[in-house]
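Okay, here's what each chain looks like letter by letter:
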Amino acid sequence: MAHKSRGTAPISVTMVGQPFPPAQTRGTYQLHELEMRNLRAAHWQEKQDATLDATDSSPLLLQDLSALAQRLTGATRAHVTLAQDSPAESRTESFTEGRTAQEDALSFGLEEVTAQSHLHGRATPPYSCSTEDYVFYSHGLFSETGRRLGGLSTAFPTSAPACAYRAEQLDTTAQLLAHTLAVHLEKQALQNSYQAAQRRAKRLEREAEVDPLTQVENHCSFERKVAMRLDLLNAKEAQGAFIMLDIDHFKSINDIYGHSFGDKYLRIIASAITSAFPPPAIVGRVGGDEFGIFVETGRTSSNYLETLLSRCRSAVQRGAAMLGKADLGRVSIGASLFPSQGRSFSHLFELADSALYASKHAGRAVNTIFSPSHHERFNSRAIGRRFDEAIGAHRLEPYFQPIVDSGTGEVQGYEVLARWCDPQRGILLPDAFASIFKDYRLAETLTRTVLERALMAYNEAGLGQRGARPASLSINLTAFDLLNPEFVFDVQSMLNRHHLDWSMITIEVTEKVMLDERSGQILRSLLELRTRGARVALDDFGTGYGGLRHLDNWPVDILKIDRSFCAKLSQSSSGGAIAEAILLIARKCGYEVVAEGVETLEQLQMLKAMGCPRAQGFLFARPMSIEDLIQAPTRYNPASPTPSAQK
């Protein structure tokens, strides 16, 4: 037999040993079968807790089966292979390295019949061949359904007498081996399926933890993982920082460039944040345009945290620059410290959120680390508790600032402004409790409380009977008010209780509130209010995004020129030009105009020259309480706006 070229490292291993004494009875074969079953059971018990793939156990099993087949048949050598093994793969180093010529011939003879065992079918008789020294046999191993499982190759010396029962012995051994392989492959398939299911479960578990858009932790996963990290740091007495990051004007950017661009912007921001903080920092998306980060700071100084925040801001700006749009990459950041300021997720979140709100209040695009003495007023939870107490004690009051005819000085209406009468801190302006407007429950409660008191004061002061015509009330609404479909009906009930008409009400909303889908609930609420007789004023006009678009698409009756433009009237030509342009647009489109923040006679005169019909500001009167409203004049002298004696 011609020698073939030697192969590579072995896949399966054959065993060489002394022939097993030939079996004489069927009972002996039953004993061997029991031995084989015990071997299989021990083999799978050993592999049950293994973490390797099930196919890794095949070489060991084939080695055991080859040794057992050698003992059962009394062959000089036996070799069991799987159906997927090629003849080259079934060679071993023991066949080809450091062997005698006789042993080499034995190896290649087995290789030849091994190849044949993978060729004949279930009905094909066993293949055999011989050399000067050995007789070789090959048997295919098949399952009960006829599936090819592998092959059995055996070698007997030619000098050994051919037993009458050798063929039966080989057939029986092949059947036992086929059964063993079938069980092995079935268990292997089950284990592979189990491992695939485990991998799939882990993948699904991870998908449930990740925000699908940004690929950082979602809110639930972020909270859970940060809470676990806090437990570890509590045990180690280590330090960390809880950071909140908010994308400045993201809603406006979404409105201008579209949601697809907004999604891309969010992904870039998330990637920049992740790259800016060292592992094992935890990054999560906790809101539409808000991200949370928890980072360990060790025992380093606060300068390290400032460095991290600056690095984060720089990474965000670099990422946003790739989008090629102006005014992107601006973020506000707030942080709280663990464990000095809080030890739980909720407490750290609350303080970091307060610091974040302080950053926004300071003009946005700044970093703020929470300080109890400076940022307590932005703590929504603490203020919420005090707010509920103030509501119960009737400390939330409406204040009234007159809106006057710039030519005659006649009072035409009042803007209603919320004031919090705090026993310790005095009268608080909305800036002092700005976090109230972030909570829908508190914001709606504030609006309803102030509106109810304002309508009551309207009647107490007799505003419906004073002056040439009834004065109007301008009410500032939040997005939460307009998003509530029941709000219009609640206002209707208040008007009915105080016997007032919708025509006396002006609804003031900012451009930010109008940054909503045109088909949304905010638009529907405004249309319903306007249908019932109220007028809609666009407050702080000219300071937001897309103001001109809102004039075309939204129900608006009045434009209120922002106080920043009035302040610049006497300071620069641009301030006057902007105010004049707004007045021109209003005349062309049929809108009424009110100039806010008029504080000097010069400003009033310039506005009158431009044709501005109405104004409000400190030049005429500061916001007044209900008691002062009752005594307030109905006309102010535009030339010298000291209250006249006319009541």
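Up top is the structure these notes are about.
Residues numbered from 1 in each chain as written. Predicted model: local features only at pLDDT ≥ 70, side-chain atom pairs only at ≥ 80, totals over all residues. Heavy atoms only, no water.

Caption draft 1: Summary view of the pairing of strand 5 (residues 148-157). When you tally the buried positions in strand 5, you get eight out of 10 residues, the bulk of the element. As judged from the six bridges shared by strand 2 (residues 77-82) and strand 5, these two strands associate in the antiparallel manner. What sits directly across from Leu82, in strand 5, is Gly150. Both strand 4 (residues 134-142) and strand 5 contribute to a ladder of nine bridges, which runs antiparallel. Bridging across to strand 5, Gly140 finds its partner in Gly151. The turn linking strand 4 back onto strand 5 is made up of five residues, and Gly146 within it adopts a positive phi angle of 95°. (Buried < 20%, exposed > 50% of the residue type's maximum accessible area, 1.4 Å probe, protein only. Helix = DSSP H or I, 4+ residues; strand = E, 2+ residues; numbered from the N terminus. Pairing = 2+ DSSP bridges.)

Caption draft 2: Focus on the nonpolar core. In this structure, Phe400, Tyr414, Leu473, Val509, Leu526 and Leu559 are the most contacted members of the largest nonpolar core, which totals 80 residues. It is helix 14 (residues 440-460) that contributes the most residues to this core, eight residues altogether. Apart from the residues within four sequence positions on either side, Leu559 is in contact with Leu538, Phe541, Leu551, Ile582, Ala586, Tyr591, Glu592, Val593 and Val594. Ranked by size, the runner-up nonpolar core spans 34 residues in total, among them Ala270, Val316, Leu323 and Ala335. (Core = buried A, V, L, I, M, F, W, Y, C linked by side-chain atoms within 4.5 Å. Contact = heavy atoms within 4.5 Å.)

Caption draft 3: Local environment of the pattern of salt bridges. Taken as a whole and assessed by the stated rule, the structure comprises 24 salt bridges. When the shortest N-O distance is used, the salt bridge between Asp211 and Arg285 registers 3.3 Å. Highlighted residues: Asp211 in the loop between helix 6 (166-209) and helix 7 (219-236) and Arg285 in strand 7 (residues 282-285), separated in sequence by 74 residues. The partner of Arg330 in a salt bridge is Asp327, and the shortest N-O contact between them spans 3.8 Å. Assessed through its relative accessible area of 45%, Asp327 is described here as partly exposed. Look at the salt bridges and you will find they share partners, linking Arg206, Glu209, Glu217, Arg224 and Lys225 into a network. (Salt bridge = Lys/Arg side-chain N within 4 Å of Asp/Glu carboxyl O.)

Caption draft 4: Geometry of the sheet that holds strand 8 (residues 290-296). Taken together, five strands build an open sheet; the order of strands is 7-8-6-9-10 and the sheet is mixed. Looking at which strands have only one partner, the edges of the open sheet turn out to be strand 7 and strand 10 (367-369). The sheet shows a mean angle of 15° between the axes of neighbouring strands, direction not considered. Note: strand 9 (residues 331-338) against strand 10, three bridges, orientation parallel. Considered in strand 10, the bridge of Ile333 is made with Asn367. Contacts from helix 7 reach strand 6 (240-247), strand 7, strand 8 and strand 9, with the element oriented near 20° to strand 8. Across the face of the sheet, helix 11 (residues 345-361) comes into contact with strand 6, strand 8, strand 9 and strand 10 while running at roughly 145° to strand 9. (Axes fitted to C-alpha atoms, helices over the stretch in contact; angles between N-to-C directions.)

Caption draft 5: A look at helix 11. Taking 1.5 Å per residue as the helical rise, helix 11 with its 17 residues ought to reach 24 Å, and the 24 Å between its terminal C-alpha atoms agrees with that figure. Along helix 11, 12 of the 17 residues are buried, which leaves the element largely enclosed by surrounding structure. Taken as a whole, helix 11 has its buried residues at Phe345, Leu348, Glu350, Leu351, Ala352, Asp353, Ser354, Ala355, Leu356, Tyr357, Ala358 and Ser359. A positive backbone phi angle near 115° is found at Gly363, which sits one or two residues after helix 11. (Expected span 1.5 Å × (residues − 1).)

Caption draft 6: Here's a closer look at helix 20 (residues 573-589). Taking 1.5 Å per residue as the helical rise, helix 20 with its 17 residues ought to reach 24 Å, and the 24 Å between its terminal C-alpha atoms agrees with that figure. The set of residues buried in helix 20 consists of Gly575, Gly576, Ala579, Ile582, Leu583 and Ala586. Taken around the axis of helix 20, the buried residues stretch over an arc of 125°, which confines them to a single face. Across helix 20 from its buried face, at more than 90 degrees, point the exposed residues Ser573 and Lys588. (Arc of directions from axis to C-beta.)

Caption draft 7: Highlighting the environment of Asn637. For Asn637, the position within the fold is in the segment after helix 22 (626-631). According to the relative accessible area criterion, Asn637 is partly exposed, its value standing at 40%.

Caption draft 8: The side chain of Asp211, seen in detail. The class of Asp211 is buried, set by a relative accessible area of 10%. Polar contacts involving the side chain of Asp211 include one to the side chain of Arg285, which spans 3.3 Å. The contact partners of Asp211, leaving out residues within four places of it in the chain, are Val216, Glu217, Asn218 and Arg285. (Polar contact = N/O pair within 3.5 Å; in protein donor to acceptor, adjacent residues only side chain to side chain.)

Caption draft 9: Region of the structure containing the packing of helix 7 against helix 11. Running from N to C, helix 7 and helix 11 point in directions that differ by 115°, and their axes come no closer than 10 Å. By the criterion of interaxial angle, the relationship of helix 7 to helix 11 is roughly perpendicular. Facing helix 7, whose interface residues are His219, Phe222, Glu223, Val226 and Leu230, helix 11 presents Phe345, Leu348 and Phe349. Taken together, the residues that form the contact of helix 7 with helix 11 break down as six nonpolar, one polar and one charged. (Parallel < 35°, antiparallel > 145°, perpendicular 65-115°, else oblique. Nonpolar A, V, L, I, M, F, W, Y, C, P; charged D, E, K, R; others polar.)

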